[in-house]
Amino acid sequence: MQKIAFRGREFQCEEKETVLDVLVRNDIPIPHSCRSGVCHSCLVKAVKGRPSIASQAGLKETLAHQKYFLACQCIPENFIEVAIADESVNHFVDATVISKKKLSEAITRVRIKTDEVIDYKAGQFLNIKGIKEQIRSYSIASIPSDDFIEFHIQRMQEGVVSTWLSDQIEVGEHLKVSEPVGECFYLGDNKDQSLLLIGTGSGLAPLYGIVSDALQQGHSGEIYLYHGGRTLETIYYRDKLQALAQQHPNFTYTACISDGSIIENTKPGRASQIALTEHPALKNWKVFVCGNPSMVNDTKKAAFLAGASLKDIFSDAFVPAS
Amino acid sequence: MSETLYEKLGGDAAVNAAVDIFYRKVLADDRINSFFEGIDMDKQAAKQKAFLTMAFGGPHNYTGKDMRDGHAHLVKKGLNDTHFDAVMENLGATLKELNVPDDLIAQAAAIAESTRNDVLGR
Ligand SMILES: Cc1cc2nc3c(=O)[nH]c(=O)nc-3n(C[C@H](O)[C@H](O)[C@H](O)COP(=O)(O)OP(=O)(O)OC[C@H]3O[C@@H](n4cnc5c(N)ncnc54)[C@H](O)[C@@H]3O)c2cc1C
Ligand code: HEM
Ligand code: FES
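Residues numbered from 1 in each chain as written. Chains lettered and ligands numbered in written order. Predicted model: local features only at pLDDT ≥ 70, side-chain atom pairs only at ≥ 80, totals over all residues. Heavy atoms only, no water.

Draft legend 1. Inspection of the interface of chain A and chain B at higher detail. Contacts between the two partners involve 13 residues from chain A, matched on the other side by 16 residues from chain B. When the buried area of chain A at its contact with chain B is split by residue, Lys301, Phe304 and Leu310 of chain A rank highest and sum to 48% of it. In this assembly, chain A and chain B are joined by one salt bridge. Between Lys300 of chain A and Asp42 of chain B there is a salt bridge, and its shortest N-O distance comes to 2.9 Å. For the side of chain A that touches chain B, the element with the highest residue contribution is helix H7 (residues 293-305) of chain A, accounting for five residues. (Contact = heavy atoms within 4.5 Å. Buried area = accessible area lost by both parts, 1.4 Å probe. Salt bridge = Lys/Arg side-chain N within 4 Å of Asp/Glu carboxyl O. Helix = DSSP H or I, 4+ residues; strand = E, 2+ residues; numbered from the N terminus.)

Here you go:
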């Protein structure tokens, strides 16, 4: 097994252990959250040795070139000396809460203003630092021309950061957010293409940003948004989305409730199943899927088998921190 | 220097075009798709790309031992010659669909075939 070094100490890696596993096992405080290569909060640098190919997948070329890598994705193949990411790369920005509103039983809208301008694309996410420096990812529901950044926080039972953001933090209070991360956004490269967007719970947040962005950029192809939840608890923004659908003939919105109840203006069943039944042929479509991780994985596969090309499938699986 | 197989097939762009077709065939093939169940799509697509780059004679870092270790958990689940044949069939059909000439298909097939014993752990 390989060895790694950090701040002058050497550590032995066990079978299949990642750089993050080794450091955490040795009580070295390295920021991390998803442990699945999504959030990028575990970004570190190799000052000696070469990080694995998998640990640099999805990184900006400039970062990969400087031998940055994701500690949670790197099973070392040679000796690596690891260093914390430079301040300029792993940058957190101060922000202030400017409004809070409950959108449904489980979802709270939080709007913030950052001290520095953040250059993001609608649908990307930011990492937010909790009171004890815990890091959690939250998707951006606003678009860059808005003068605030909007999040939709789904309150998780006993969830440290989501309950803090839903119940405790008040307007005027401060928090720290990272630079934008993620590849799930509208490219605007083909404005006639049909778009299919599927989300569960607060998975609507990035999709709402993407739809707003596409409409603002004058997307002319059809746009279908399916938002699902087990009950009405996690269904929100219905009025807004229905109004948007009236304004834009190429935009169609469907709310889906999966616990079997029949509710006016919603369809019974899972959002992903209803969407793929209504649109069984997805060749040349772009597909966006966000929310529950197993729903995201299954739906991506189903969309691919329905004809969507891999490069046209975008997603954010809301994997819990671990 | 004469062109390598990888260059003749069209390099990285050809691999990207082939991944979509090949992966779709594999997932739709009931003889082998159970081996690919529950695996994250993006990671799996990256691995399909690694597989195709290798079969196309392109640059890769895999050794015979890597192939052995990488498929050992699948051999435990019953991976055998029929599954290997199915993958070979899907590879051939993918290249045909991309209008690759028969002699190049044969060369790619020979590269993939040469890994049989390692993949099947013999
Ligand atoms: C890319 C990305 C984007 C995200 N965007 C959003 C967003 O826009 N809005 C949003 O509300 N959340 C989003 N999340 C999820 C968010 O980052 C947190 O995981 C979530 O808020 C829970 O954090 P917590 O600190 O409250 O819970 P924790 O204290 O981390 O967890 C508490 C307990 O709940 C369990 N748990 C946590 N999440 C789930 C879950 N989804 N299902 C079942 N059990 C769970 C944990 O295993 C643990 O036992 C996103 C995640 C990712 C990776
Ligand atoms: C034809 C010769 C084959 C070659 C050259 C080959 C090559 C590869 C390569 C390069 C990887 C990626 C390894 C990594 O980066 O982790 C891989 C993974 C994989 N292969 Fe193969 N493969 C072959 C045959 C097969 C067959 C016959 C099956 C099953 C039907 C199969 C199923 C898989 C699976 C499921 C993975 C992913 C393993 C995991 O992530 O758990 N392969 N293969
Ligand atoms: S990317 Fe490594 S912890 Fe999220």
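Draft legend 2. Just the coordination of the iron atom of ligand 2, in detail. There is one protein donor for the iron atom of ligand 2, and it is His71 of chain B (NE2), at 2.1 Å. Among the secondary structure elements, His71 of chain B is positioned in helix H4 (residues 64-76). (Donors = N, O, S within 2.8 Å, 3.2 Å for Na, K, Ca; no water.)

Draft legend 3. Quick look at the site of ligand 2. All names here are of chain B. Near ligand 2, the surroundings consist of 18 residues, among which Lys47, Tyr62, His71, His73 and Thr115 are the closest. Separating an oxygen atom of ligand 2 from a side-chain N or O atom of Lys47 is a distance of 2.7 Å. At 2.9 Å, a side-chain N or O of His73 approaches an oxygen atom of ligand 2. Looking at the shell around ligand 2, the elements that each hand over two or more residues are helix H3 (41-55), H4 and helix H5 (81-97). Per element, the largest residue contribution to the shell around ligand 2 is four residues, and it comes from H4. (Near = heavy atom within 4 Å. Polar contact = N/O pair within 3.5 Å; in protein donor to acceptor, adjacent residues only side chain to side chain.)

Draft legend 4. Spatial organisation of the site of ligand 1. All names here are of chain A. Arg136, Ser137, Tyr138, Gln154 and Ser162 are the nearest of the 21 residues found near ligand 1. Residue Arg136 places a side-chain N or O atom 2.7 Å away from an oxygen atom belonging to ligand 1. For ligand 1, an oxygen atom lies 2.6 Å from a polar atom in the side chain of Ser162. Alone, ligand 1 offers 940 Å² of accessible surface; in the complex the protein occludes 76% of this. Counting residues per element, the ones that place at least two in the shell around ligand 1 are strand S9 (135-139), strand S10 (149-154) and helix H3 (160-168). Here the shell around ligand 1 gets four residues from one element, more than from any other, and that element is S9. (Areas by Shrake-Rupley, 256 points an atom, 1.4 Å probe, with all protein chains shown as cover.)

Draft legend 5. Structural view of the environment of Gly49 of chain A. All names here are of chain A. For Gly49, the position within the fold is in the loop between strand S3 (43-48) and helix H2 (61-65). Along the chain, Gly49 and Lys300 lie 251 residues apart, while their C-alpha atoms are 35 Å from each other. Those residues in contact with Gly49 that sit more than four places away from it in its chain are Lys67, Asn78, Phe79 and Ile80.

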